[in-house]
Amino acid sequence: MTARILSPFVLGLLLLFLIGPFLIIIAASLSAGDTLAFPPQGLSLRWVFKVFTIESFRDSFAMSMFLAIGGTVAALILGIPAAYALSRYKLPFGETVRTIVSLPIIVPGIIVGLALLRYLVVPFGFNITVALFFAHTALVLPYAVRVVSASLNNLRSDIEEAAVLLGSSRLGAFFRVVMPNIRGGILAAFILGFVTSFNQVPVSLFLSGPGVRTLPIDMLGYMETTYDPSIAALSALLAFLSIGIVFVAERFLGFSRYV
């Protein structure tokens, strides 16, 4: 009886712990005051509208979207063949390759950013945007390989072999049989990679330059000089964007059926 009473209470506390900060940010973004505060000083949408008028936010948002989408697509282009090879063939150094691919997750982002700045940008004069693109692709690649590998491991290899025996080429069997059956894993890898890249701070902090800043770095710089609720409004909009991406994936792509 006690457990039945406590369970809803504990569940409510857990939901409050998870959703509470999000609700506070939304409330602060609707404040009518001139400074970021909670509880809000009245209610107004002016800070939400102001977000769209700040040019640096628009430019950095475009840069973050380019890096998140482009870097994730590039990681999938590299990661899907790598995952297929690691899952379907007994490679001599398969486990070593898996470990190397996972290094961007294991190594702290600050070290990765500093290493790229010191040994790629400075000596070779790489363009900052190109360096950021390479860095974000490398950071997302482990998610692409591991998630797609999990989907491939759950797909029976004899289905692919049956297609080959029926006259399909190995490449044709991959695109006609394997790819449709692992699209849930590919979608999951894309969402994980997109969110990871878009919210990346340590690597982007070292590789930002004049006129080239991602949105999280631009938000940090903005808060150093300005303390108005526009940061809370932008944070709330980004949270709704993430929720919208997951909703679209679930509603139109049937995400839950594949993972």
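Everything below is about the structure printed above this text.
Residues numbered from 1 in each chain as written. Predicted model: local features only at pLDDT ≥ 70, side-chain atom pairs only at ≥ 80, totals over all residues. Heavy atoms only, no water.

A.B. asks: So what about the layout of surface pockets? Which residues, and what values?
C.D. replies: The calculated volume of the largest pocket comes to roughly 200 Å³. As for the largest pocket, its lining consists of Val51, Phe52, Phe57, Arg58, Phe61, Leu234, Leu237, Leu238 and Leu241. If you tally residues by element for the lining of the largest pocket, the top one is helix H12 (residues 230–253), at 4 residues. The residue inventory of the lining of the largest pocket, partitioned by class, reads 8 nonpolar, no polar and 1 charged. (1 Å grid on protein atoms, 1.4 Å probe; cavity = no way out; pocket = protein on both sides within 12 Å on 5 of 7 lines; lining within 4 Å. Points joined across faces, edges and corners; volume = space filled by probe spheres on them. Helix = DSSP H or I, 4+ residues; strand = E, 2+ residues; numbered from the N terminus. Nonpolar A, V, L, I, M, F, W, Y, C, P; charged D, E, K, R; others polar.)

A.B. asks: Run through the pattern of salt bridges, naming residues and quoting values.
C.D. replies: This structure, assessed with the given rule, holds 1 salt bridge. Note that aspartate 218 and arginine 213 form a salt bridge whose closest N and O atoms lie 3.6 Å from each other. (Salt bridge = Lys/Arg side-chain N within 4 Å of Asp/Glu carboxyl O.)

A.B. asks: Lay out the side chain of serine 230 with the relevant residues and their values.
C.D. replies: For serine 230, the position within the fold is in helix H12. On the basis of relative accessible area, serine 230 is assigned to the buried category, the value being 0%. A polar side-chain atom of serine 230 sits 3.2 Å from a polar atom in the side chain of tyrosine 222. Residues within four places of serine 230 in sequence aside, it is in contact with Trp47, Val51, Ile54 and Tyr222. (Buried < 20%, exposed > 50% of the residue type's maximum accessible area, 1.4 Å probe, protein only. Polar contact = N/O pair within 3.5 Å; in protein donor to acceptor, adjacent residues only side chain to side chain. Contact = heavy atoms within 4.5 Å.)

A.B. asks: How would you sum up the environment of valine 121? Please name residues and give values.
C.D. replies: Considering the arrangement of structural elements, one finds valine 121 in helix H5 (residues 109–124). Overall, valine 121 belongs to the buried group, its relative accessible area being 11%. A C-alpha to C-alpha distance of 49 Å links valine 121 and leucine 11, two positions 110 residues apart in sequence. Once residues lying within four places of it in the same chain are set aside, the contact partners of valine 121 are Leu116, Phe126, Ile128, Ala131 and Leu207.

A.B. asks: Summarise the packing of aromatic side chains; cite the residues concerned and give the values.
C.D. replies: The full count for this structure, using the stated rule, is 7 aromatic pairs. Between phenylalanine 22 and phenylalanine 240 the ring centres are 5.5 Å apart and the planes differ by 70 degrees, which places this aromatic pair in the edge-to-face class. Here phenylalanine 22, found in helix H1 (residues 2–29), pairs with phenylalanine 240, found in helix H12; they are 218 residues apart in sequence, far enough to count as distant. In this structure phenylalanine 22 comes out as partly exposed when scored by relative accessible area, which is 25%. (Phe/Tyr/Trp six-rings, centres within 6.5 Å; stacked < 30°, edge-to-face > 60°.)

A.B. asks: Provide a residue-level description of the environment of leucine 132, including the pertinent values.
C.D. replies: The topology assignment puts leucine 132 in helix H6 (residues 128–153). Note on leucine 132: relative accessible area 0%, which makes it buried. The spatial distance from the C-alpha of leucine 132 to the C-alpha of threonine 72 is 13 Å, given a sequence separation of 60 residues. Setting aside residues no more than four positions away along its own chain, leucine 132 makes contact with Leu67, Ser204, Leu207 and Val212.

A.B. asks: Could you give me a rundown of the packing of helix H3 (residues 55–88) against helix H9 (residues 183–198), with the residues and numbers involved?
C.D. replies: With their axes 9 Å apart at the nearest point, H3 and H9 run at an angle of 140 degrees to one another. With respect to their mutual orientation, H3 and H9 come out oblique. As for the relative orientation of H3 and H9, their crossing is right-handed in sense. Of the residues in H9, those touching H3 at Phe61, Ser64, Met65, Leu67, Ala68, Ile69, Thr72, Val73, Leu76 and Ile80 are Ile186, Ala189, Phe190, Gly193, Phe194, Ser197 and Phe198. (Axes fitted to C-alpha atoms, helices over the stretch in contact; angles between N-to-C directions. Parallel < 35°, antiparallel > 145°, perpendicular 65-115°, else oblique. Left-handed = near helix turned anticlockwise from the far one by under 90°.)

A.B. asks: Residue-level account of H6, with values.
C.D. replies: Its 26 residues place the ends of H6 38 Å apart at the C-alpha level, agreeing with the 38 Å of an ideal helix rising 1.5 Å per residue. Bending of H6 peaks at approximately 35 degrees at the position of valine 140, with proline proline 142 no more than four residues after it. (Expected span 1.5 Å × (residues − 1). Bend = angle between axes of the 7 residues up to and from the residue.)

A.B. asks: Describe the side chain of serine 149, and please don't skip the residues or the numbers.
C.D. replies: Along the chain, serine 149 falls in helix H6. Within polar-contact distance, the side chain of serine 149 engages the backbone oxygen of valine 145 at 2.6 Å. What serine 149 contacts, discounting residues up to four positions off in sequence, is Ala83, Ser87 and Arg98.

A.B. asks: Just give me the short version of a nonpolar patch on the surface, but keep the residues and values in it.
C.D. replies: A cluster of nonpolar residues, Leu11, Leu14, Leu15, Phe17, Leu18, Ile19 and Leu23, forms a patch on the protein surface that exposes about 710 Å² of accessible area. Counting through the fold element by element, leucine 14 comes out in helix H1. (Patch = residues over 30% accessible without salt bridge, like charges linked within 9 Å, V, L, I, M, F, W, Y side chains within 5 Å. Areas by Shrake-Rupley, 256 points an atom, 1.4 Å probe, with all protein chains shown as cover.)

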